[in-house]
Amino acid sequence: TYRLVESDDTFTGGKLTLTASGSSVIVTHSSAGRLYSGACATIERTDLARTAGHLTLPVAGYSRSYLGHLVVTADGGELQVVNRVPLSHYLYGVVAYEMSNSFPLEALKAQAVCARTYAVCQTKHRAQGFDICATTHCQVYQGTAASGANSDAAVDQTAGEFLYYSG
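Residues numbered from 1 in each chain as written. Predicted model: local features only at pLDDT ≥ 70, side-chain atom pairs only at ≥ 80, totals over all residues. Heavy atoms only, no water.

Caption draft 1: Main features of the overall build of the protein. Helix and strand counts for the protein come out as three helices and 10 strands. Going residue by residue from the N terminus, the α and β elements of the protein occur as β-β-β-β-β-β-β-β-β-β-α-α-α. Over its C-alpha atoms the protein spans a radius of gyration of 17 Å, differing by no more than 12% from the 15 Å that the globule rule assigns to 167 residues. Along the three orthogonal principal directions, the C-alpha set of the protein runs to about 50 × 30 × 30 Å. Relative to its 167 residues, the protein shows a buried fraction of 38%. The contacts of the protein with a sequence gap of at least 6 include a subset with a gap of at least 24, amounting to 55%. If the 11 positive side-chain charges of the protein are averaged to one point and the 13 negative ones to another, these points end up 2 Å apart. (Helix = DSSP H or I, 4+ residues; strand = E, 2+ residues; numbered from the N terminus. Rg over C-alpha atoms; globule rule 2.2 N^0.38 Å. Buried < 20%, exposed > 50% of the residue type's maximum accessible area, 1.4 Å probe, protein only. Contact = heavy atoms within 4.5 Å. Lys, Arg positive; Asp, Glu negative; His and termini not counted. Charge placed at Lys NZ, Arg CZ, Asp CG, Glu CD.)

Caption draft 2: Just the packing of helix H1 (residues 87-98) against helix H3 (residues 149-157), in detail. Remark: H1 packs on H3, axes separated minimally by 9 Å, with the N-to-C direction vectors making an angle of 135 degrees. Overall, the two elements H1 and H3 adopt an arrangement that is oblique. With respect to the hand of their crossing, H1 and H3 are arranged in right-handed fashion. Residue-level inspection shows Ser88, Leu91, Tyr92, Val95 and Ala96 of H1 in contact with H3, the latter providing Ser151, Asp152, Val155 and Asp156. (Axes fitted to C-alpha atoms, helices over the stretch in contact; angles between N-to-C directions. Parallel < 35°, antiparallel > 145°, perpendicular 65-115°, else oblique. Left-handed = near helix turned anticlockwise from the far one by under 90°.)

Caption draft 3: View of the nonpolar core. Among the nonpolar cores identified, the biggest contains 21 residues, and Tyr90 and Val155 are the most heavily contacted of them. Elements that contribute at least two residues to this core include exactly H1, helix H2 (105-121) and H3. When residues of this core are assigned to their parent elements, the largest contribution, five residues, is made by H1. Not counting residues up to four positions away in its chain, the partners in contact with Tyr90 are Val85, Ala119, Ile132, Gln139 and Tyr141. (Core = buried A, V, L, I, M, F, W, Y, C linked by side-chain atoms within 4.5 Å.)

Caption draft 4: Spatial organisation of the pairing of strand E3 (residues 16-21). In this sheet, strand E4 (residues 24-29) lies alongside E3 in antiparallel orientation, the contact comprising six bridges. Looking across to E4, one finds that Leu16 is bridged to His29. The turn joining E3 and E4, which pair antiparallel and follow one another in sequence, is formed by two residues; a positive phi near 65 degrees is taken by Gly22. (Pairing = 2+ DSSP bridges.)

Now the structure itself:
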C-alpha cells in the first residue's frame, strides 16, 4: 500500500504513471485516473518493512524495484526520481551491486561497513535534492533486484557499525 502525499490518496496494486509536463509532475493511476499534478510528487510506502513490497520502475527498457519512498520532481519535461530509504534498505541495494551475493559473508560484511560509513558522510549532492547518486561517482545503487541472502545478511549483521579514523 502506497500513499501519494500531496493528494493524500492511498492505493494498493494497479499501475501508477508519472509523467513530466514542463516543471509539473502528473500522477495517474490505472483504475483511479488522474490523481495529482504539481511541482513534486511524493510516493510513500505505508509499511517500510523490507518484506512489505516495493515499487517497480521501468528504466531504459528494463525495470528496477525500490524499497522506501519516491520523491519525483520535473524539470524541462524530464523526471528526477529520488529514492528516500532507511540506510539499511539503501545498503541492501549497494552491497549486492558492488560485490556479488556469492562472495564470502565476511567480505560482504566488510563492504557493508565501508558502504555504510561512506553513505553517512556524503553531502555533495544536497543542493540537487539528494545525498548520494546511484552511479560509481558515489556508490552503485540500483534498487533491490540484485540483493540476496548473503548480501542482506551482511548488512543486517553489521547494523550500526562504521569505520572511524582519528575519532
